[in-house]
Amino acid sequence: MTVKISPARRKMIEVMTLKGLAPVTHENYQRTVSALSRDCGRAPQSLSADEISAWVISRIGQGLCPRTTNADVSALRLFYNEAMGQPEKVEGLNYRRVPDRLPRSIPEADVELLIGGIKDLRYRTATLTAYGAGLRISEVVALQVGDVRSEEGLLHIRSGKGGHERMAHLPDPVLRTLRKYWKNTWPRPRSWLFYGKSPDRPITTDSLRTAFNRGRDQAGLDRGITFHCLRHAVATHLHERGAPISVVQDLLGHKSPDSTRVYARTTGTMFRKLDHPVARFASAA
C-alpha cells in the first residue's frame, strides 16, 4: 500500500535531502512537525507564529531538556524557513542554553555486569560492540556485515552524527565475540549485522535500548544509566588507562578536541597519577 505524502512533507524531505541530512535527522525533524500539527489540530503551514511559539513553550513546560527542544527549533526553522518560505513564523524561536554538564560514565565492573545481564545473544553482542568501538546507538543498528574490516581491526561507520563517515577501532576481543555471534546465529546475517525479525531488516534503536535497560535492571544498576553512557564510559576508561585525548577523539569521531577534552574532567584516576608538590609538606601539616 502506498502512503500518501502531503506536498508540505514532500518539500521538507526534498530540502533535507539536498542538505544531506542523515536519515535519523529526517525522521526526527518530520516527527517534530507532525507533533506540532497533531497537537494544534491543523496543518503546520496554516499555524501562526504565536501558535508555534506557544507549542515550543509547552514542550519546555513538560520538562524536556534543552537539547530536545533545541532540536525541535531546528526542525521548525528548516520547515518554515526553507521548505515553506514562511520565515516570519519562526523569527521569535531561539535556542536554549545547554548546561555544561559532565558526561555520565559507568565503572568498568558495572559495564561487565550490565552486558552480561543481556540474555539475547544478538543484543548482547550489539551492546558489547557499542562499548568496544565507542558507538552511538544509531550507529550500532546501522552496521552492515561488510562494515566489519576484520583484517584491519576496523568498523566502517557509514552514517555517524551529522552524516559523517568514519572508521572506528574494533578491538580484538570484540572481533572474537562477533565471530562467535556469526557462528551461533541462524539464519546468518546477510546485509544487516544485527538483524531484527528477519535478516532483511535491522534491529531497531527501541528494541536495543529495551534490551539494554533489562540488562541494566538485571544488574541492579541506577536506572539513570542510558545506552549512550557506554560511549562516555569507554572514553573515560581508555583515558584512565593512559590513552591520549587525541586517540579518544579519533575513537569517538569527534571533529573538535573540545568535545573530547571533557573526559579528562570526569576521572580522578588521571589526577591521582600526578606528582603533586603538596606531597612534600602535607604530611607535616
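Residues numbered from 1 in each chain as written. Predicted model: local features only at pLDDT ≥ 70, side-chain atom pairs only at ≥ 80, totals over all residues. Heavy atoms only, no water.

Engineer: Explanation requested: helix α6 (residues 121-133) in the structure shown.
Structural biologist: Residues lying three or four places apart along an α-helix face the same way, a consequence of the helix completing one turn every 3.6 residues. With 13 residues, α6 should reach 18 Å at 1.5 Å per residue; the first-to-last C-alpha distance of 18 Å fits that figure. Sitting at the amino-terminal end of α6 is D120, which places a side-chain oxygen 2.9 Å from the backbone nitrogen of R122. Downstream of α6 by one or two residues, G134 has phi in the positive range, about 65°. (Helix = DSSP H or I, 4+ residues; strand = E, 2+ residues; numbered from the N terminus. Expected span 1.5 Å × (residues − 1). Polar contact = N/O pair within 3.5 Å; in protein donor to acceptor, adjacent residues only side chain to side chain.)

Engineer: What exactly am I supposed to notice about the pattern of salt bridges here?
Structural biologist: Think of it this way: side chains of opposite charge can pair up when their charged atoms draw near. Summed over the entire model, instances satisfying the criterion amount to 14 salt bridges. With a shortest N-O distance of 2.7 Å, R136 and E139 are connected by a salt bridge. Per residue, the accessibility class of R136 equals that of E139, and both read buried. Among the salt bridges present, the one from R209 reaches D206, with a minimum N-O distance of 3.4 Å. Within this pair, R209 and its partner D206 are both found in helix α9 (residues 205-218), separated by three residues, close to a single helical turn. The exposure class assigned to D206 is exposed, which follows from its relative accessible area of 52%. Overlapping salt bridges bring together R136, E139 and R166 as one network. (Salt bridge = Lys/Arg side-chain N within 4 Å of Asp/Glu carboxyl O. Buried < 20%, exposed > 50% of the residue type's maximum accessible area, 1.4 Å probe, protein only.)

Engineer: Help me out: how do you make sense of the packing of helix α3 (residues 49-61) against helix α4 (residues 66-83) in this one?
Structural biologist: When two helices pack together, you describe them by how their axes are tilted relative to each other and by the distance separating the axes. The N-to-C vectors of α3 and α4 enclose an angle of 165°; their axes lie 10 Å apart at closest approach. One finds that α3 runs roughly antiparallel with respect to α4. Handedness of the crossing formed by α3 with α4: right-handed. Each of I52, W55, V56, R59 and I60 in α3 lies in contact with α4, whose residues at this interface are T68, T69, D72, V73, L76 and Y80. When its residues are assigned to classes, the contact of α3 with α4 shows seven nonpolar, two polar and two charged. (Axes fitted to C-alpha atoms, helices over the stretch in contact; angles between N-to-C directions. Parallel < 35°, antiparallel > 145°, perpendicular 65-115°, else oblique. Left-handed = near helix turned anticlockwise from the far one by under 90°. Contact = heavy atoms within 4.5 Å. Nonpolar A, V, L, I, M, F, W, Y, C, P; charged D, E, K, R; others polar.)

Read these as geometric descriptors, not functional statements.
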